[in-house]
Amino acid sequence: MKFATWNVNSLAVRLPQLLDWLAANPVDALVLQETKLTDDKFPTLEIGAAGYQVQWFGQKTYNGVALLSRKPATDVVKNILGFADEQARVIAGTVDGVRVIGAYFPNGQAPDSEKFVYKMGWLEALREWVRAELKTHERLVLMGDFNIAPEDRDVYDPVAWAGQIHCTPQEREHFQALLGLGLVDAFRLFEQPPKSWSWWDYRNLAFRKNQGLRIDHILVSEALRPHVKACEIDKQPRRNERPSDHAPVIVTLD
DNA sequence: ATGTCAGATGTTATCTGA
């Protein structure tokens, strides 16, 4: 079984790349972030023709998430239960007996900004909701664009990024608190190439210089942990013409 | 060099967000 996450930075632009990627990388479920589409514009026909069921939750211009799956997702939830939010950031569903939560965590902009305050509140609400989900779903995967680099080894220049957005102690504490619920970072279950990133800024030739951050993650519950066989970042789509700034992350379970 | 990309507004460019 394979699950994946990918921030596509506009599905309108990236749909051909998504379809190419799915053809080359058949997965059981894939969550997308930053679709940037209102629900009436979502490309259901094209994704259906590729052999995937899909649930989607979007808004104009910003954010927007989707859950693609080979088998239909059940008990679909949009956004964090009990957290009033005008931003479309979360979609969850049960696929093949696994609770799949796809999330586009707030960026936070800067540690002294209002958007950072929103990020902290959102993270708190997410944690309490995931805690509840784990009580009813032993087999659970939380994946998406976390906009958090959990450790210095997830940052190409940790000195320059110290205390900056994605790397603040407060964000890293929230990441650890999610692990404290009984989740594990699937990527770190395996030896990985050094300087493994999932995002590279479009500017500064960052991809060519491999200057990036690992901010896209797949967390799996303790019940799933013994079944995790691999976890990889697929850099290939970042080499495309007009790429997303993020690469997909894939987890393989037996 | 805050150096690119995407979407929106409303142009033949400027703003916001990432």
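Residues numbered from 1 in each chain as written. Chains lettered and ligands numbered in written order. Predicted model: local features only at pLDDT ≥ 70, side-chain atom pairs only at ≥ 80, totals over all residues. Heavy atoms only, no water.

1. What to know about the pairing of strand S4 (residues 65-69)
Part 1: Taking burial as the measure, the 5 residues of S4 include 5 buried ones, the bulk of the element.
Part 2: Residues of S4 alternate between two faces, with Val 65, Leu 67 and Ser 69 on one and Ala 66 and Leu 68 on the opposite face, all of them buried.
Part 3: The sheet contact formed by strand S2 (residues 29-33) and S4 spans 5 bridges and is antiparallel. When the bridges of S4 are listed, Val 31 appears paired with Leu 67.
Part 4: Across 5 bridges, strand S3 (residues 53-57) lies against S4 in antiparallel orientation. When the sheet's bridge partners are listed, Trp 56 is paired in S4 with Ala 66. (Buried < 20%, exposed > 50% of the residue type's maximum accessible area, 1.4 Å probe, protein only. Helix = DSSP H or I, 4+ residues; strand = E, 2+ residues; numbered from the N terminus. Pairing = 2+ DSSP bridges.)

2. A look at the packing of aromatic side chains
Part 1: According to the stated counting rule, one finds 7 aromatic pairs in the structure shown.
Part 2: Where Phe 42 meets Trp 56, the ring centres are 5.1 Å apart and the plane angle is 10°; that geometry is what we call stacked. Of this pair, Phe 42 sits in the loop between S2 and helix H2 (44-49) while Trp 56 sits in strand S3, and the two are 14 residues apart along the sequence.
Part 3: In this structure Trp 56 comes out as partly exposed when scored by relative accessible area, which is 26%.
Part 4: With 4.1 Å between their ring centres and 20° between their planes, Phe 105 and Phe 146 make a pair best called stacked. With Phe 105 in the loop between strand S7 (98-104) and helix H3 (114-136) and Phe 146 in the loop between strand S8 (140-145) and helix H4 (158-161), this residue pair connects regions lying 41 residues apart in the sequence. Each member of the pair, Phe 105 together with Phe 146, is buried. (Phe/Tyr/Trp six-rings, centres within 6.5 Å; stacked < 30°, edge-to-face > 60°.)

3. Section: the sheet that holds S2
Part 1: Spatially, S3-S4-S2-S1-S14-S13 is the arrangement adopted by the 6 strands of the open sheet, whose pairing is mixed. Pairing within the sheet leaves two strands with one partner each, and these edge strands are S3 and strand S13 (228-233). Ignoring which end each strand starts from, the neighbouring axes of this sheet average 10° apart.
Part 2: On the sheet, helix H1 (residues 11-24) packs against strand S1 (2-7), S2, S4 and strand S14 (249-253) and is oriented at approximately 160° with respect to S2. (Axes fitted to C-alpha atoms, helices over the stretch in contact; angles between N-to-C directions. Contact = heavy atoms within 4.5 Å.)

4. Observations concerning the sheet that holds strand S9 (residues 183-185)
Part 1: Spatially, 6 strands are ordered S5-S6-S7-S8-S12-S9 in an open sheet, and the strand pairing comes out mixed. Each edge of the open sheet carries a strand with a single partner, namely strand S5 (74-78) and S9. Taken over all neighbouring pairs, the strand axes of this sheet differ in orientation by 20° on average, direction set aside.
Part 2: Bridge count for S8 against strand S12 (residues 216-221) is 5 bridges, and the pairing is antiparallel. Its bridge partner lying in S12, Met 143 is registered against Ile 218.

5. A few points about the packing of H3 against helix H5 (residues 169-180)
Part 1: Relative orientation of the contacting elements H3 and H5 amounts to 10°, with a least axis distance of 10 Å. Classified by the interaxial angle, the pair formed by H3 and H5 is roughly parallel. Side by side, H3 and H5 meet where Phe 116, Lys 119, Met 120, Leu 123, Glu 124, Leu 126 and Arg 127 of the first sit next to Gln 170, Glu 171, His 174, Ala 177 and Leu 178 of the second.
Part 2: A class-by-class count of the residues in the contact of H3 with H5 yields 6 nonpolar, 2 polar and 4 charged. (Parallel < 35°, antiparallel > 145°, perpendicular 65-115°, else oblique. Nonpolar A, V, L, I, M, F, W, Y, C, P; charged D, E, K, R; others polar.)

6. A few points about the side chain of Asn 79
Part 1: By secondary structure assignment, the location of Asn 79 is in the loop between S5 and strand S6 (90-95).
Part 2: With relative accessibility at 7%, the residue Asn 79 sits in the buried group.
Part 3: In terms of polar contacts, Asn 79 uses its side chain to reach the backbone amide nitrogen of Arg 89, at 3.0 Å.
Part 4: Once residues lying within four places of it in the same chain are set aside, the contact partners of Asn 79 are Phe 57, Asp 85, Gln 87, Ala 88, Arg 89, Val 90 and Trp 129. (Polar contact = N/O pair within 3.5 Å; in protein donor to acceptor, adjacent residues only side chain to side chain.)

7. What about the pattern of salt bridges?
Part 1: The final tally for this structure, using the stated rule, is 14 salt bridges.
Part 2: Residue Glu 124 is joined to Arg 127 by a salt bridge in which the shortest nitrogen-to-oxygen separation is 3.2 Å. Pair noted here: Glu 124 and Arg 127 are both in helix H3, with a separation of 3 residues, about one helical turn.
Part 3: With a closest N to O distance of 2.6 Å, Arg 188 and Asp 154 form a salt bridge. With Arg 188 in the loop between S9 and strand S10 (199-200) and Asp 154 in the loop between S8 and H4, this pair connects stretches of sequence that are 34 residues apart. (Salt bridge = Lys/Arg side-chain N within 4 Å of Asp/Glu carboxyl O.)

Note that all results are geometric; they support no functional claim without further evidence.
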